[in-house]
Amino acid sequence: MAYTLEQYTALQAAIAEGALTVRYQDKSVTYRSLDEMMRILKSMASELGLNASNAGGRRYSSFSKGY
């Protein structure tokens, strides 16, 4: 499914408000649970290339000379 950035931000806003119904343009979607909304948000982020699951995270590298 092709998601838009508008759908992504609308879903994010609904999650922040604690609402199960999301409205964007002339459409309305009602989700069953917060868990379902979070799974779809991750799917949207992945498809849109936003990498929301690792936002703000840190990665550390390790180097060795092989001795």
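Anything mentioned here points back to the structure above.
Since we're looking at a predicted model, the values are computed, not measured. (Residues numbered from 1 in each chain as written. Predicted model: local features only at pLDDT ≥ 70, side-chain atom pairs only at ≥ 80, totals over all residues. Heavy atoms only, no water.)

Draft legend 1. Spotlight on the overall build of the protein. Tallying secondary structure elements over the protein gives 2 helices and 2 strands in all. N-terminal to C-terminal, the α/β element order of the protein is α-β-β-α. Split into buried and exposed, the 67 residues of the protein put 22% on the buried side. Nonlocal contacts in the protein, meaning residues at least 24 apart in sequence, comprise 41% of its contacts between residues at least 6 apart. When the accessible surface of the protein is summed, it comes to about 5500 Å², and 50% of that surface belongs to carbon and sulfur atoms. (Helix = DSSP H or I, 4+ residues; strand = E, 2+ residues; numbered from the N terminus. Buried < 20%, exposed > 50% of the residue type's maximum accessible area, 1.4 Å probe, protein only. Contact = heavy atoms within 4.5 Å. Areas by Shrake-Rupley, 256 points an atom, 1.4 Å probe, with all protein chains shown as cover.)

Draft legend 2. Layout of unusual backbone geometry. Even without being glycine, Q25 reaches a positive phi, approximately 50°. Considering the arrangement of structural elements, one finds Q25 in the loop between β1 (21-24) and β2 (27-30). Looking at Q25, the relative accessible area reads 60%, which means it is exposed.

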